[in-house]
Protein chains: 2
Amino acid sequence: MAVSARRGAPLTLEEISTTALRLMDEGGVEGLSMRKLAAELDVNPMSLYHHVESKDALVRLICSTAAQRMDLPPDDGSPWQDQLRALALGYYRNALAHPAMWSHLHNHPEIIADRNLVIWQALYRILRLAGVPEPEQRRTSDVLHAFVMGYVIAGTKGHLPGDPEEIERGFDTAIRLITGGLAGWSR
Amino acid sequence: MAVSARRGAPLTLEEISTTALRLMDEGGVEGLSMRKLAAELDVNPMSLYHHVESKDALVRLICSTAAQRMDLPPDDGSPWQDQLRALALGYYRNALAHPAMWSHLHNHPEIIADRNLVIWQALYRILRLAGVPEPEQRRTSDVLHAFVMGYVIAGTKGHLPGDPEEIERGFDTAIRLITGGLAGWSR
DNA sequence: TCCATAGCCATACACCGTATGGCTGACGCT
DNA sequence: AGCGTCAGCCATACGGTGTATGGCTATGGA
């Protein structure tokens with residue numbers, strides 16, 4: 001039904017999202033504009049609004065599907081310290097892949113507030129494994145996430161010294177430190 | 001020399017900064033516009049550019065002077081653990097006073113990259129007191145700042161459960177945990 | 001065959017940051 | 001006293017933004 005002027009197929013939400021994400025990767029959230037996005041898709045800017053309610057909604061959509069699709073290490077039965085480190089490192093690497101998107105996400109935490117998200121489910125599982133009592137899980141997870149978030153921000157803005165591997169090692173060290181503190185705490 | 005149409009005195013950088021900060025407090029960085037700021041000061045938008053190079057430069061100025069003027073606890077001779085907790089809490093409270101500004105700051109860490117800033121000087125002093133070896137100070141301070149930054153973000157976005165005092169107690173607990181880990185680490 | 005409607009687009013509005021260039025009046029100097 | 005300099009301010013304009021509104025068009029179902 002009235003497909004675009006010079007495109008074969010009609011627009012797809014998927015298509016819109018992926019090229020929008022690319023534009024965000026290249027120029028940050030403010031580097032993404034509906035007009036540029038439309039140009040990239042060879043379409044009139046207003047056509048996008050038939051698939052998306054607003055720019056904000058689009059960005060939110062991108063962020064939340066990325067959060068849902070994060071690929072994180074599965075439960076491999078290893079000690080909780082190792083699993084926690086692996087999870088944190090997984091988060092960190094996911095974030096490094098799309099710094100601008102995660103930057104936006106960290107400025108709008110409500111997007112990943114849903115506790116059914118894979119990250120939180122995995123984190124809670126590990127905390128249970130670590131023996132963190134039920135009522136402490138929320139706060140503990142918040143603290144851990146706060147640190148990971150902060151490290152991601154510092155890392156992606158290029159304000160951590162050393163090469164990437166060194167930075168990852170520093171991250172790992174810090175997580176060890178915190179898990180150490182955690183263990184001491186529950187005792 | 002050709003003072004404004006309807007103002008007695010000429011504009012001041014101080015005056016510009018403070019009302020700009022107020023606008024940021026009210027509507028975030030994107031809620032601050034040169035036009036609104038000018039209207040607030042009863043002045044033509046372009047007049048601002050005689051005192052400030054750009055909006056970006058203005059925001060940067062506000063952030064860095066706020067960083068310089070942070071009021072933080074002095075060296076009171078108490079154990080490093082207490083001083084570190086006090087410093088972190090001081091940072092947290094400074095940030096809570098102007099969430100939008102600090103949000104911007106955390107997205108542009110280069111503004112507070114200068115290691116001569118009071119925060120870093122105080123932090124380094126405490127780390128020395130804690131016996132953190134010289135070459136480890138940078139990384140340690142980065143880790144600590146990462147956590148504080150993350151907690152501030154989560155806290156200011158209202159995504160930590162509980163009332164403010166409860167949140168502060170959680171923060172304190174977390175800092176204790178980390179300092180505990182730190183102590184165990186240096187041994 | 002007809003029509004509802006999905007998909008697309010043209011135009012327009014209100015906002016943004018800011019480049020450019022001109023006005024005005026207070027000051028220093030002779 | 002006369003004059004030039006220039007700080008301070010402003011009017012206009014340009015190119016960008018998100019998006020409201022309303023109209024076109026071709027396709028699927030009845």
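Remember, predicted model here, so these are calculated numbers, not experimental data. (Residues numbered from 1 in each chain as written. Chains lettered and ligands numbered in written order. Predicted model: local features only at pLDDT ≥ 70, side-chain atom pairs only at ≥ 80, totals over all residues. Heavy atoms only, no water.)

## Some points on the pattern of salt bridges
Residues and elements named next belong to chain A.
In step 1: Tallied over the entire structure, the rule returns 24 salt bridges over all chains.
In step 2: Close ionic contact of Glu40 with Arg22 constitutes a salt bridge, the shortest N to O distance being 3.2 Å. Remark: Arg22 occurs in helix α1 (residues 13-27) and Glu40 occurs in helix α2 (residues 34-40); sequence separation between them is 18 residues.
In step 3: According to the relative accessible area criterion, Glu40 is partly exposed, its value standing at 41%.
In step 4: For Arg22, a relative accessible area of 34% puts it in the partly exposed group. (Salt bridge = Lys/Arg side-chain N within 4 Å of Asp/Glu carboxyl O. Helix = DSSP H or I, 4+ residues; strand = E, 2+ residues; numbered from the N terminus. Buried < 20%, exposed > 50% of the residue type's maximum accessible area, 1.4 Å probe, protein only.)

## Examining the domain arrangement of chain A
All names here are of chain A.
In step 1: Per the domain assignment, the segments of chain A are domain 1 (13-65) and domain 2 (71-186).
In step 2: With both chains or domains summed, domain 1 and domain 2 bury close to 740 Å², and 77% of this area falls on carbon and sulfur atoms.
In step 3: Counting across the interface, domain 1 meets domain 2 through 1 residue pair in polar contact (both at pLDDT 80 or more).
In step 4: For the side of domain 1 that touches domain 2, the secondary-structure elements that each account for two or more residues are α1 and α3 (55-68). (Domains from an automatic or database assignment. Buried area = accessible area lost by both parts, 1.4 Å probe. Polar contact = N/O pair within 3.5 Å; in protein donor to acceptor, adjacent residues only side chain to side chain.)

## Structural notes on the packing of helix α7 (residues 134-156) of chain A against helix α7 (residues 134-156) of chain B
In step 1: The contact between α7 of chain A and α7 of chain B brings their axes to 7 Å, and the two run at 110°. In terms of orientation, α7 of chain A lies roughly perpendicular with respect to α7 of chain B. Between α7 of chain A and α7 of chain B lies a crossing whose hand is right-handed. Between α7 of chain A and α7 of chain B, the contacting residues are Val143, Ala146, Phe147, Met149, Gly150, Tyr151, Ile153 and Ala154 of chain A on the first element and Val143, Ala146, Phe147, Met149, Gly150, Tyr151, Ile153 and Ala154 of chain B on the second.
In step 2: Class assignment for the residues of the contact of α7 of chain A with α7 of chain B results in 14 nonpolar, 2 polar and no charged. (Axes fitted to C-alpha atoms, helices over the stretch in contact; angles between N-to-C directions. Parallel < 35°, antiparallel > 145°, perpendicular 65-115°, else oblique. Left-handed = near helix turned anticlockwise from the far one by under 90°. Contact = heavy atoms within 4.5 Å. Nonpolar A, V, L, I, M, F, W, Y, C, P; charged D, E, K, R; others polar.)

## Focus on the packing of aromatic side chains
In step 1: On inspection of all chains with the given rule, the structure shows 12 aromatic pairs over all chains.
In step 2: Ring geometry for Phe147 of chain B versus Tyr151 of chain B: centroids 5.7 Å apart, planes at 50°, classification tilted. Remark: Tyr151 of chain B and Phe147 of chain B occur in helix α7; sequence separation between them is 4 residues, near one turn of the helix.
In step 3: Note on Tyr151 of chain B: relative accessible area 2%, which makes it buried.
In step 4: Over the aromatic face of Trp120 of chain A sits the side chain of Arg115 of chain A, whose NZ or CZ is 4.3 Å from the ring centroid. (Phe/Tyr/Trp six-rings, centres within 6.5 Å; stacked < 30°, edge-to-face > 60°. Lys NZ or Arg CZ within 6 Å of the ring centre and 35° of its normal.)

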